[in-house]
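# Analysis of the macromolecular model
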Amino acid sequence: MDRPVLIAPSLLAADFLHLAEAVELVNQSEADWLHLDIMDGMFVPNISFGMPVVESVARLCHKPMDVHLMIVQPERYIDVFHQLGVHHLILHYEASVHLHRYVEYIHQLGMQAGVALNPHTPVNVLKDIVHLIDIVLIMSVNPGFGGQAFIPHSLHKIREAKELILKTGSAAKIEVDGGVDLQNAAQIIQAGADVLVAGSNVFRAADPARAIHLLKHVL
């Protein structure tokens, strides 16, 4: 394996009464990014947390903040998340009518731009923009709730995304979010993933730092 595996613990699975401790755990661990899921109860059937929480987390977080917008009209908040110090901003293909415009704008602000695909959305919809984006986020569960089981067909989508990236000369990383654990992490990486998002498998483990270590070195 000649490429590093990046681990992005998902704050959605942390104990919200102790977010400061969760962020510090990530700071002190082998994790590479901190993943934050923003849900509005419209694009997905759940509400997670918004800008005040992200602002508080940003004051404590030493790792790049990887923000996944599961909201309608995500372009309304690009400037706000930039002001909060977000490093990667990921929009859903299904929620963004003028995706090219927003990807360019995210780059103009100095952030990395990602595009997420729901389980039913084919990879080939990215063929005209993959060369411009930094992250392809493959949702391996239906977005909206943590703790779901990995959808096996996602491995095929990861391989397709890798083939598209290589074919177009894109530098995009493949991030996988949903049901990632020690039982499937090796398969996911071997299929072409660069970044593993893990929520329950990290924050609900008896030893979260060790869970991160094991995912990081699963191969």
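Residues numbered from 1 in each chain as written. Predicted model: local features only at pLDDT ≥ 70, side-chain atom pairs only at ≥ 80, totals over all residues. Heavy atoms only, no water.

### Focus: the pattern of salt bridges
Heads up, the condition is: Salt-bridge detection follows one rule: a side-chain nitrogen of Lys or Arg within 4 Å of a carboxyl oxygen of Asp or Glu. Only runs of H or I of at least four residues qualify as helices and only runs of E of at least two qualify as strands under DSSP, and these elements are numbered from the N terminus. Burial here depends on accessible area, computed with a 1.4 Å probe over protein chains only, as a share of the maximum for the residue type. Under 20% is buried, over 50% is exposed, and the range in between is partly exposed.
With the rule as written, the count across this model stands at two salt bridges. A salt bridge links K216 to D32, with the nearest nitrogen and oxygen atoms 2.7 Å apart. Residue K216 is located in helix 8 (residues 208-216), and its partner D32 is located in the loop between helix 1 (19-28) and strand 2 (34-39); the two are separated by 184 residues in the primary sequence. We note a salt bridge from K127 to D128, for which the minimum N-O separation is 3.4 Å. We classify K127 as partly exposed; its relative accessible area is 49%. Taking relative accessible area as the criterion, D128 reaches 57% and is therefore assigned exposed.

### Quick look at the packing of helix 1 against helix 2 (residues 51-60)
When two helices pack together, their arrangement is given by the angle between the helix axes and the distance between those axes. Counted only if it meets this: Whenever a helix is involved, its axis is fitted only over the stretch in contact; in every case the axis is a line through C-alpha atoms, and angles between N-to-C directions fall within 0 to 180 degrees. Orientation labels follow simple angle bins: below 35 degrees gives roughly parallel, above 145 gives roughly antiparallel, 65 to 115 gives roughly perpendicular, and whatever is left gives oblique. In this scheme the handedness of a crossing depends on how the near helix is turned from the far one: anticlockwise by less than a right angle means left-handed, clockwise means right-handed. Here, two residues are considered to be in contact whenever any of their heavy atoms come within 4.5 Å of each other. When residue character is reported, Ala, Val, Leu, Ile, Met, Phe, Trp, Tyr, Cys and Pro are called nonpolar, Asp, Glu, Lys and Arg charged, and the others, Gly included, polar.
One can describe the packing of helix 1 onto helix 2 by two numbers: an axis separation of 10 Å at closest approach and a directional angle of 45°. It follows from the interaxial angle that helix 1 and helix 2 lie oblique. Helix-helix and strand crossings are classified by hand; for helix 1 and helix 2 the assignment is right-handed. Residues L19, A20, V23 and N27 of helix 1 form the contact with helix 2, whose own contacting residues are V53, V57 and L60. When grouped by side-chain class, the residues that make up the contact of helix 1 with helix 2 number six nonpolar, one polar and no charged.

### Some words on the pairing of strand 1 (residues 6-9)
Side-chain positions along a regular strand alternate between the two faces of the sheet. What counts here: A pair of strands counts as paired when DSSP detects no fewer than two bridges linking them.
Because side chains alternate across strand 1, one face comprises the buried residues L6 and A8, and the other comprises I7 and P9, equally buried. Both strand 1 and strand 8 (residues 195-198) contribute to a ladder of four bridges, which runs parallel. In the sheet register, I7 faces strand 8, and the bridge partner there is L196.

### Notes on the nonpolar core
The test is simple: By convention a nonpolar core is built from buried Ala, Val, Leu, Ile, Met, Phe, Trp, Tyr and Cys residues, the set being connected through side-chain atoms within 4.5 Å.
Of all hydrophobic cores here, the largest spans 63 residues; its most connected members are L11 and L89. Tallying contributions element by element places helix 5 (residues 154-168) first for this core, with five residues. Excluding residues that lie within four positions of it along the chain, L89 makes contacts with V67, L69, I78, F81, I106, M111, Q112, A113 and G114. Judged by nonpolar contacts, the second largest core, of eleven residues, contains A8, I135, L137 and V197.

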